[in-house]
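# Descriptive analysis of the structure
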Amino acid sequence: MSLIEKIEAAGAAGSLLESTVVNLKKWASADFLPEWAGASIAELVDNGEWDELNDRFYQNLAFGTGGIRGRTIGRVAAAAETGTLSEMGSPEHAAVGSNVLNDFNLVRATIGLFRYVEKYLKDTGSYDLPRFVIAHDVRHFSRHFCELAASTWCKLGGQALIFEGPRSTPQLSFAVRQNKATCGAVITASHNPSHDNGFKVYFDDGAQVVSPHAEGIVDLVNQVELSEVPAYLDLDMARVITLGAKDDAAYQEVLNEMVIDSEVMTAQAPQIVFTPIHGTGAISSVPALKALGVDVIEVPEQMEQDARFPTVKSPNPENAEALAMGIAKANEVGAGVVIATDPDADRMGVAVRDRNGEMVLLTGNQIGTILAEYRISVLKDAEVIPEDGGDNVVFIKTFVTSPMQEAVADWHGLKTINTLTGFKWIGEKLAGYEAQMKEKLMEEEGTAVDYDACDIWTRADLLLDYSSYFVFGGEESYGYLASDKVRDKDANAAVVMFCEVAAYLKAQDMTFTEFLDSLYLQHGYYEEKTINIYYEGAAGSSKIASILESYRNDPPKAFGDVAVSGFTDFGKDEIIDADGEKIPAQDFYFLELSNGYSFAVRGSGTEPKIKFYVFGRSDVLDPEDLVKVKAEAAVVMQTVLAAIDADARVRAEG
């Protein structure tokens, strides 16, 4: 029986999905692919690895939140893929498949992006060469994918610029504008498991692509035939430009600008334990902190760049386990703060020592609230923003981020903008404020400005006078930003900002938890929890879709004794933000409960999971009641979480 006949027989027997059969036959019959690719497919078919083949071939890897992300190493690897392992345990080749990130899909994505950018330049009357900046993290195949994308871009007739080694996602965002590129990409899967990687795309504003660019790129990527790919698989780096020390220095200057009160940083420079969890934070965060006089104690085992992330189960600073070695080091040396960044340094997690000497993990919501309160207050003290705030002083957060941050912004008189999940929406807002400022400046003063050449304080003056000034923004998943010089979440900058707060609290003889409690006494006690339900592979994708569809078609009426008092469907209802702009439609739901709690539901754009974000608030009338209020809220929260989780698992089965 031939290979094609075996595939057809497996499909007829129900072992392979219909879509898998179509895609698998296309790949198996493609005699223009490398020999090892055909051998890998044949081995998996001969061994009857039907679940593995379904996961790899049931669909074409699609653009999600700003790019593509997926496995590079299969659960079951073929011998021809594995080949000779590298020193870091990387297989010789990324997994074969239409639904995994490999050389073939990376080239297809690059070709589609090039064709879109080339058309965009032509349509806008530009004669520039398509200019593409690419960065990569430390993951399996990251350097190879970076070079392959750069080589492909140059073969297509464009100009590609890459760094000499791993760099963080926020530095890529900055470098796109710094080098006046048409677009950019970073090869990363952020905090995902080690077997994943991704290709995250940015446009000329330095932000992740949004509509209409996103749809345009997806359309052209989908038009790239598999038969076009082989011509680009051999690397040719002759025309690829390597960025140098001046580019790193320019980004370091952005990090230095994050300090508002330089006097407190100089007088009270804190001691911190830092871990990049084997990633790129070591490249940018550590030099920035040392230049500011911070006493940085490194976690030596986790300073090594290693695609396997060998010291953690997951390189995610949201997880307590990822900070365990840092906390142990802090206890060893007596440090009061532990800071961790994920592999591409766009997310930051922290642990802080309380008054009793215990290390406490702060949530992403708590970190964002602390940074927001501090930065707004100090910007007022420095007379950068008016004492009463103002409608054009803007705080931006996602709908799934704690409403406590909006309460803080409201108290200070700022306007709060809520966006969909993903920093690309915050980036889009910043691009809008910049464009509005330039247009009004020209209209009123007849003047143009080189915005990228302005320091952050000049930018603040321009935006306050002619548009809206972005003070701070973030999302609950440990991402923060306070400068529009970068258009994505920036953990390197967040590390600097958090150290400034540490210096301020050191001067006040106050702990982080005491500072947070003071905000609870002012605004009420807010508690937020998330539920993540993972469903892997083709079957899992169907279950996630079932939950999302059932929420729309059959919304929950109650969870136990708690009734649903409000239901917003972002896919059907028209939602207008505080700027008067329409929120794009998305399979995202927000529910209000009769007990005052609320929660949001969405499928992850980067991982095989569905997420539930639950919010609660309690009044605190007396400081002595805070401990009791926290305990009572925790009981209610657990009851709500359990009910939502149980309901979701029933919905997953259809």
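Notes on the structure in this doc start here.

Quick notes on the rules
- Residues numbered from 1 in each chain as written.
- Predicted model: local features only at pLDDT ≥ 70, side-chain atom pairs only at ≥ 80, totals over all residues.
- Heavy atoms only, no water.
- Helix = DSSP H or I, 4+ residues; strand = E, 2+ residues; numbered from the N terminus.
- Rg over C-alpha atoms; globule rule 2.2 N^0.38 Å.
- Buried < 20%, exposed > 50% of the residue type's maximum accessible area, 1.4 Å probe, protein only.
- Contact = heavy atoms within 4.5 Å.
- Areas by Shrake-Rupley, 256 points an atom, 1.4 Å probe, with all protein chains shown as cover.
- Phe/Tyr/Trp six-rings, centres within 6.5 Å; stacked < 30°, edge-to-face > 60°.
- Pairing = 2+ DSSP bridges.
- Core = buried A, V, L, I, M, F, W, Y, C linked by side-chain atoms within 4.5 Å.
- Axes fitted to C-alpha atoms, helices over the stretch in contact; angles between N-to-C directions.
- Salt bridge = Lys/Arg side-chain N within 4 Å of Asp/Glu carboxyl O.
- Expected span 1.5 Å × (residues − 1).
- Patch = residues over 30% accessible without salt bridge, like charges linked within 9 Å, V, L, I, M, F, W, Y side chains within 5 Å.
- Lys, Arg positive; Asp, Glu negative; His and termini not counted.
- Charge placed at Lys NZ, Arg CZ, Asp CG, Glu CD.
- Parallel < 35°, antiparallel > 145°, perpendicular 65-115°, else oblique.
- Nonpolar A, V, L, I, M, F, W, Y, C, P; charged D, E, K, R; others polar.
- 1 Å grid on protein atoms, 1.4 Å probe; cavity = no way out; pocket = protein on both sides within 12 Å on 5 of 7 lines; lining within 4 Å.
- Points joined across faces, edges and corners; volume = space filled by probe spheres on them.

### Quick look at the overall build of the protein chain
Helices and strands together make up the secondary structure of the protein chain, namely 22 helices and 21 strands. Here the C-alpha radius of gyration of the protein chain, 25 Å, is about what a compact globule of 654 residues would show, namely 26 Å. The principal-axis extents of the C-alpha atoms in the protein chain amount to approximately 80 × 60 × 55 Å. In the protein chain, which comprises 654 residues, the share counted as buried stands at 59%. Long-range pairs, those at least 24 residues apart, make up 72% of the contacts in the protein chain with a sequence separation of at least 6. Carbon and sulfur atoms make up 48% of the accessible area of the protein chain, which totals about 25,200 Å².

### Quick look at the packing of aromatic side chains
Under the criterion given, the structure shown has 21 aromatic pairs. Ring geometry for Phe132 versus Trp153: centroids 4.2 Å apart, planes at 35°, classification tilted. You can see Phe132 sitting in strand 2 (residues 131-136) and its partner Trp153 sitting in helix 7 (residues 142-155), a full 21 residues away along the chain. Looking at Trp153, the relative accessible area reads 0%, which means it is buried. Judged by centre distance (6.3 Å) and plane angle (45°), the ring pair of Phe399 and Phe588 falls under tilted.

### What to know about the sheet that holds strand 2
Strand order in the open sheet made by the six strands is 1-5-4-2-3-6, with mixed pairing throughout. The strands lining the two open edges of the sheet, one partner per strand, are strand 1 (67-71) and strand 6 (241-242). Bridge count between strand 4 (residues 183-187) and strand 5 (residues 196-203): five bridges; the pairing is antiparallel. Paired with Gly184 across the bridge in strand 5 is Tyr202.

### As for the nonpolar core
Counting 115 residues, the largest nonpolar core has Ile339, Met348, Phe498, Phe599 and Phe612 as the members making the most contacts within it. Counting residues per element, this core draws most heavily on helix 19 (residues 491-508), which supplies 12 residues. Non-local contacts of Phe498, meaning those with residues more than four positions away in its chain, are made with Val337, Ile339, Met348, Val350, Val352, Leu362, Ile367, Leu371 and Phe512. Within the second largest apolar cluster, 62 residues are counted, among which are Ala94, Ala109, Ala214 and Leu220.

### Description of the sheet that holds strand 19 (residues 588-593)
Pairing is antiparallel in the open sheet, where six strands are placed in the order 16-21-20-19-18-17. One side of each edge strand has no neighbouring strand; the edge strands of this open sheet are strand 16 (525-534) and strand 17 (558-559). Bridge count between strand 18 (residues 562-569) and strand 19: five bridges; the pairing is antiparallel. Following the sheet pairing, Gly566 is matched in strand 19 by Glu592. Lying on the sheet, helix 22 (residues 626-652) is in contact with strand 16, strand 17, strand 19, strand 20 (598-603) and strand 21 (609-618); it crosses strand 16 at an angle near 25°.

### A closer look at the pairing of strand 9 (residues 337-341)
Most of strand 9 sits out of view: five of its five residues are buried. What you see with strand 9 is no split at all: Val337, Ile339 and Thr341 on one side and Val338 and Ala340 on the other are buried throughout. As defined by bridge partners, strand 7 (residues 271-275) adjoins strand 9 across three bridges and the pair is classed as parallel. When the sheet's bridge partners are listed, Val273 is paired in strand 9 with Val338. Relative to strand 10 (residues 348-353), strand 9 runs antiparallel, the two being bridged by five bridges. Across the sheet, Val338 pairs through a bridge with Ala351, a residue of strand 10.

### Let's talk about the pattern of salt bridges
Tallying each qualifying case throughout the model produces 46 salt bridges. In this structure, Asp248 engages Arg167 in a salt bridge whose closest nitrogen and oxygen atoms are separated by 2.9 Å. Residue Asp248 is found in helix 10 (residues 245-256), and its partner Arg167 is found in the loop between strand 3 (159-162) and helix 8 (169-178); the two are separated by 81 residues along the sequence. A salt bridge links Arg355 to Glu514, with the nearest nitrogen and oxygen atoms 2.9 Å apart. Within this pair, whereas Arg355 is found in the loop between strand 10 and strand 11 (359-361), its partner Glu514 is found in helix 20 (residues 512-523), the two being separated by 159 residues in sequence. For Glu514, a relative accessible area of 30% puts it in the partly exposed group. One salt-bridge network, held together by shared partners, links Arg177, Glu434, Lys438, Asp452, Arg459, Asp484 and Arg487.

### Some thoughts on helix 3 (residues 35-46)
The first and last C-alpha atoms of helix 3 sit 16 Å apart over 12 residues, in line with the 16 Å expected at 1.5 Å per residue. Burial in helix 3 covers these residues: Trp36, Ala37, Ser40, Ile41, Leu44 and Val45. If you follow the buried residues of helix 3, they end up packed against helix 1 (3-12), helix 2 (18-28), helix 4 (50-57), helix 5 (79-82) and helix 6 (103-123). One or two residues past the end of helix 3 sits Gly48, with phi positive at roughly 65°.

### Re a negative patch on the surface
Together, Glu253, Glu445, Asp455, Asp461 and Asp465 make up a negatively charged patch on the protein surface. Residue position: Asp465 is located in helix 18 (residues 456-466).

### A look at the environment of Ile376
Within the secondary structure, Ile376 is located in helix 15 (residues 364-381). Owing to a relative accessible area of 0%, Ile376 belongs among the buried residues under this scheme. For the pair Ile376 and Glu536, spaced 160 residues apart in sequence, the C-alpha separation works out to 42 Å.

### Details of the packing of helix 17 (residues 423-445) against helix 18
Geometrically, a packed helix pair is captured by the angle between its two axes and the distance between the axes. Two numbers describe how helix 17 lies on helix 18: the axes approach to 9 Å, and their chain directions differ by 70°. Judged by the inter-axis angle, helix 17 sits roughly perpendicular to helix 18. Each of Tyr433, Glu434, Gln436, Met437, Lys440, Leu441, Glu444 and Glu445 in helix 17 lies in contact with helix 18, whose residues at this interface are Leu462, Leu463 and Tyr466. Residue classes in the contact of helix 17 with helix 18 are distributed as six nonpolar, one polar and four charged.

### Focus on the layout of surface pockets
If you add up the space inside the second largest pocket, you get close to 390 Å³. If you trace the second largest pocket, you find 21 residues lining it, with Lys180, Ala181, Thr182, Asp204 and Asp205 closest to the centre. Taken together, the elements giving at least two residues each to the lining of the second largest pocket come down to helix 6 and helix 17. Among the elements that take part in the lining of the second largest pocket, helix 17 stands out by supplying four residues, more than any other. When its residues are assigned to classes, the lining of the second largest pocket shows eight nonpolar, three polar and 10 charged.

### Considerations on empty space enclosed by the protein
Scanning the entire structure with this criterion turns up two cavities of 30 Å³ or more. Counted as a void, the largest cavity has a volume near 120 Å³. Sorting the residues of the lining of the largest cavity by element identifies helix 15, helix 18 and strand 14 (469-475) as the ones contributing at least two each. For the lining of the largest cavity, the element with the most residues is helix 18, which contributes five residues. Residues that form the lining of the largest cavity fall into these classes: nine nonpolar, one polar and three charged. Looking at the lining of the second largest cavity, its residues break down into five nonpolar, four polar and one charged.

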